[in-house]
Amino acid sequence: MEDFDAAPMLEEPVIGVRIATIEQFLTLGRFRPASVQRSYCWEPPDAQQLLEDLEEMFVAVEAYWAEVEAREAWEIEQTHDSPPVATFFLGSVVLAEGDDPEDPLDSIEIYDGLQRTTTLTILFAVLRDLDPTETGKAALRPLIANDRGFRLDLRHRDQTLIRDAQTEGGALRQRIITANLDLGKQIQRVKNLILRRYEPWDPDRRRRFGSFVAERAVVTVTQVLAPELARQIFVSTNLYGKPLRPTEILKGQLVGCAASAEAEAEVEHLWGDITARLGPDVEKFLAAVDLIERGQPQSRQWQTDLGDYVRRSHPGDAIRGWMAELVHWEECWWRLKEIEADPSEDELHRALWRLSFLPWDEWRPLALWRWRQRERQDAAEGVNASNQAQHRQWFNRLLSRGMALALADLSTQDRRLIYAKAMRTAKAGRDPTIQGRATLFPTDRQRQKVDRALRSQIKDDWLWSALTRLLETAEWREDLPSLMRSATVEHVLPRNPEQFSESAAAAENSAGYDRLCYALGNLAMMSRTANNLVANLDYRAKRDVLVEEARRHHLLRSVVTAETWGAEEIDARTEALRLEVWRLLDLHPPKLQ
């Protein structure tokens, strides 16, 4: 792989540009950061975004072929006429000859793309070390090193990249040596994120993912002879140009559909009205419409995918009809947002309000679709009690299914795939909230994961927030929405006990303190003011405040009846709340394994 037409690119012409797979790029030679490059500074969220984008494409491609293989004709019909594009563009890299004139391939300088190159190097090192087979390891080794040494040399005295990633077996190191410099700490944090993310995957899936990234992810490689020109390209790329928002690209696609000046003007006018009314909410709204229209898991380029879909399905002046329907969707969106902000006593409003407890937005397209169906039914048949009861039950099931999927702790990609299939199920005339194929109903394995989450530590902020809010609002009170706006989660046994307190002594002497602190039975809700007042006090010291708060927050009522608060009380309350959660989810808990 070393040839990759490298010599012509480094000799003449002065500048050469081509598309290369990650495998082709990394096997060009050996790389060093140019002097203008900053050190590696990506944080885990930066790396996570890159990984999620790659996984989205990987999951979409695998899902398509799995459906084809399973001969699920009705689903194939509703997904793709042809396989999804299986190439993912990761941007541009700018390279120049290094400072070794006798062997330029041994010292290629990276002027733009160091962050991605370093992250991909760490990814391949983790996948290599996790692979139990020699064949799997051998396939990844050329991406990390050649016969001269490691592909990437950060030219820094910190050896973390070498020790904790590039050296075989180093990616599995459990931080035996702590990095002292910021560069090393960044590398360790990102490495640990990648390790945690892919260690649970089965070896075959990891191997397929590694091949996908190496062979299907591509970059634009710009190579030049003169470092001065490389530096100029780097500066120009980063300084000039105004970023174009994806929604503006979609607008251009929609306007371009129009076959007449009148239709073009109408599209422009309606688009302006919608975006002005929605403001910063416009992207979430359009994402919901996209999932309704296409029924596909969304990648980062969903806006252009939607534009292509509309161009094919509503050619020419038919775009006017689609824009008119978009206005109706926007009106429904506004109504749902109003209910979220101020629900009435109606049970349907309560279910919609509780849906907003979920920390992600995949449920919104289904809620929007169902609300539009409700409006159409009311317009055709008139408002009647039977129809309204059916809609209320449907939204209640959507809430319980969404909370179950949240507790099952699925990956972002798996969750999006499930909701996309559920949308296709709904549009095909089947109910995605009841048990069956391609629905939101949790599988046996997912129900086992839910039960494990309820029995064990709940450390994710968003999860304990969603769960305690669901429990707190199971008993409806007139002032509940306003009360919940000022409520926070309380860990009765404090997470950070005050020095010399009883809790501090327990935390120091008990390996199980974390288990108790983050257990479901240790969670409750109280006002933000009271929570700030009691801070990290022991149970005895803050019990009077908890008693007062229990007048308004019913989850505290099962706490303040205890004289002391320890393992026995927490474990008993965890079991009681676990059963209550299953009741609220309208599901039976799985049998204990």
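Residues numbered from 1 in each chain as written. Predicted model: local features only at pLDDT ≥ 70, side-chain atom pairs only at ≥ 80, totals over all residues. Heavy atoms only, no water.

Peer 1: Please clarify how the overall build of the protein chain should be interpreted in this entry.
Peer 2: Along its length, the protein chain carries 28 helices and nine strands. Expressed as a percentage of its 593 residues, the buried residues of the protein chain come to 52%. Carbon and sulfur atoms form 50% of the exposed surface of the protein chain, whose accessible area is close to 27600 Å². (Helix = DSSP H or I, 4+ residues; strand = E, 2+ residues; numbered from the N terminus. Buried < 20%, exposed > 50% of the residue type's maximum accessible area, 1.4 Å probe, protein only. Areas by Shrake-Rupley, 256 points an atom, 1.4 Å probe, with all protein chains shown as cover.)

Peer 1: Help me understand helix α16 (residues 347–355), please; the structure alone is not making it clear to me.
Peer 2: Within an α-helix, residues lying three or four positions from one another point in the same direction, as the helix has 3.6 residues per turn. Within α16, seven of the nine residues are buried, which leaves the element mostly enclosed by the surrounding structure. Taken together, the buried positions of α16 are Leu348, His349, Ala351, Leu352, Trp353, Arg354 and Leu355. Residues of α16 that are buried sit in contact with α15 (319–341), α17 (363–381), α18 (385–407), α21 (461–472) and α22 (480–485). (Contact = heavy atoms within 4.5 Å.)

Peer 1: Got a minute to help me understand the side chain of Arg401 in this structure?
Peer 2: On the secondary structure map, Arg401 appears in helix α18. Of the side chains with opposite charge, Asp586 lies nearest to the buried Arg401, which makes no salt bridge, at 4.9 Å. Apart from the residues lying within four places of it in its own chain, the contact partners of Arg401 are Thr433, Leu440, Phe441, Pro442, Leu585, Asp586 and Leu587. (Lys, Arg positive; Asp, Glu negative; His and termini not counted. Salt bridge = Lys/Arg side-chain N within 4 Å of Asp/Glu carboxyl O.)

Peer 1: Is there a simple way to explain the packing of α21 against helix α28 (residues 567–584) in this structure?
Peer 2: If you want to describe how two helices pack, look at the angle between their axes and the distance between the axes. Running from N to C, α21 and α28 point in directions that differ by 80°, and their axes come no closer than 11 Å. Comparing the axis directions of α21 and α28 gives the class roughly perpendicular. Contact with α21, carried on its side by Leu467, Leu470 and Leu471, involves Leu577, Glu580, Val581 and Leu584 of α28 and no other residues of that element. Of the residues contributing to the contact of α21 with α28, the split by class is six nonpolar, no polar and one charged. (Axes fitted to C-alpha atoms, helices over the stretch in contact; angles between N-to-C directions. Parallel < 35°, antiparallel > 145°, perpendicular 65-115°, else oblique. Nonpolar A, V, L, I, M, F, W, Y, C, P; charged D, E, K, R; others polar.)

Peer 1: Would you mind going over the environment of Glu478 with me for this structure?
Peer 2: Examined against the element boundaries, Glu478 turns out to sit in the loop between α21 and α22. Residue classification places Glu478 among the exposed residues on the basis of a relative accessible area of 73%. Separated by 133 residues in the primary sequence, Glu478 and Glu345 place their C-alpha atoms 7.7 Å from one another.

Peer 1: It is not clear to me how the packing of α17 against α18 should be interpreted in this structure. Could you clarify?
Peer 2: Here α17 crosses α18 at 180°, and the two axes come no closer than 11 Å. As judged from the angle between their axes, α17 and α18 are roughly antiparallel. Side by side, α17 and α18 meet where Trp363, Leu366, Ala367, Arg370, Trp371, Arg374, Gln377, Asp378 and Glu381 of the first sit next to Asn387, Gln388, Gln390, His391, Trp394, Phe395 and Leu398 of the second. Classifying every residue of the contact of α17 with α18 by side-chain character gives seven nonpolar, five polar and four charged.

Peer 1: Looking at this structure, how should I read unusual backbone geometry?
Peer 2: Note: most peptide bonds trans; most residues except glycine with negative phi. Of note in the backbone geometry, Ala535 takes a positive phi value of approximately 45° without being a glycine. You can see Ala535 is positioned in the loop between α25 (528–534) and α26 (539–549). Judged by its relative accessible area of 38%, Ala535 falls in the partly exposed class. Despite not being glycine, Asp586 has its phi angle at roughly 60°, a positive value. Turning to its location among the elements, Asp586 is positioned in the segment after α28.

Peer 1: What should I look at first to understand the pattern of salt bridges in this one?
Peer 2: Oppositely charged side chains may form a pair once their charged atoms are brought near each other. Counted according to the given criterion, the structure contains 41 salt bridges. A salt bridge links Arg277 to Glu330, with the nearest nitrogen and oxygen atoms 2.8 Å apart. Within this pair, whereas Arg277 is found in helix α12 (residues 261–278), its partner Glu330 is found in helix α15, the two being separated by 53 residues in sequence. A relative accessible area of 1% places Glu330 in the buried class. Arg376 serves as the salt-bridge partner of Glu325, at 2.6 Å between the closest nitrogen and oxygen. Note that Glu325 is positioned in helix α15 and Arg376 in helix α17, a separation of 51 residues in sequence.

Peer 1: Explain α17 here, please?
Peer 2: Given a rise of 1.5 Å per residue, 19 residues ought to cover 27 Å, and the 27 Å separating the end C-alpha atoms of α17 matches this to within 8%. Of the residues trailing α17, Gly382 is marked for its positive phi of about 85°. (Expected span 1.5 Å × (residues − 1).)

Peer 1: How should I be thinking about the packing of aromatic side chains in this particular structure?
Peer 2: For the structure on display, the rule yields 14 aromatic pairs. Residues Trp353 and Phe357 carry aromatic rings whose centres are separated by 5.2 Å and whose planes lie at 70° to one another, so their mutual orientation is edge-to-face. Per residue, the accessibility class of Trp353 equals that of Phe357, and both read buried. An aromatic cluster is built from Phe58, Tyr198, Trp201, Phe209 and Phe212, whose rings are joined through pairwise contacts. Cation over ring: Arg374 sits above Trp371, and NZ or CZ is 4.4 Å from the ring centre. (Phe/Tyr/Trp six-rings, centres within 6.5 Å; stacked < 30°, edge-to-face > 60°. Lys NZ or Arg CZ within 6 Å of the ring centre and 35° of its normal.)

Peer 1: Honestly, the pairing of strand β4 (residues 108–112) in this entry has me stumped. Any pointers?
Peer 2: Looking along a regular strand, one sees side chains alternate from face to face of the sheet. Most of β4 is tucked away, with five of its five residues classed as buried. Bridging between strand β2 (residues 31–33) and β4 involves three bridges; their strand directions are parallel. Within β4, the residue paired with Arg32 across the bridge is Glu109. The sheet contact formed by strand β3 (residues 88–96) and β4 spans three bridges and is antiparallel. Each residue of the ladder has a partner; that of Val94, found in β4, is Asp112. (Pairing = 2+ DSSP bridges.)

Peer 1: Before we go on, may I ask you to explain the environment of Asp431 in this structure?
Peer 2: As for its placement among the helices and strands, Asp431 is situated in the loop between α19 (412–427) and α20 (444–455). Taking the C-alpha atoms as reference, Asp431 lies 8.6 Å from Trp394; in sequence the two are 37 residues apart. Discounting residues that sit within four places of it in the chain, Asp431 has contacts with Trp394, Arg397, Thr425 and Thr439. Of the polar contacts made by the side chain of Asp431, one reaches the side chain of Trp394; its length is 3.1 Å. (Polar contact = N/O pair within 3.5 Å; in protein donor to acceptor, adjacent residues only side chain to side chain.)

Peer 1: For this particular structure, what's the right way to read the environment of Cys332?
Peer 2: Checked against the element boundaries, Cys332 lands in helix α15. Judged by its relative accessible area of 0%, Cys332 is buried. Sequence spacing of Cys332 and Trp369 is 37 residues, and the spatial spacing of their C-alpha atoms is 8.9 Å. Apart from the residues lying within four places of it in its own chain, the contact partners of Cys332 are Leu368, Trp371, Arg372 and Glu375.

Peer 1: What is the right way to read the pairing of strand β8 (residues 487–491) from this model?
Peer 2: With five of five residues buried, β8 is to be regarded as a mostly interior element. Sheet analysis places β8 next to strand β9 (residues 523–527), joined by five bridges and oriented antiparallel. From the neighbouring strand, Thr488 faces β9, where its bridge partner is Met526.

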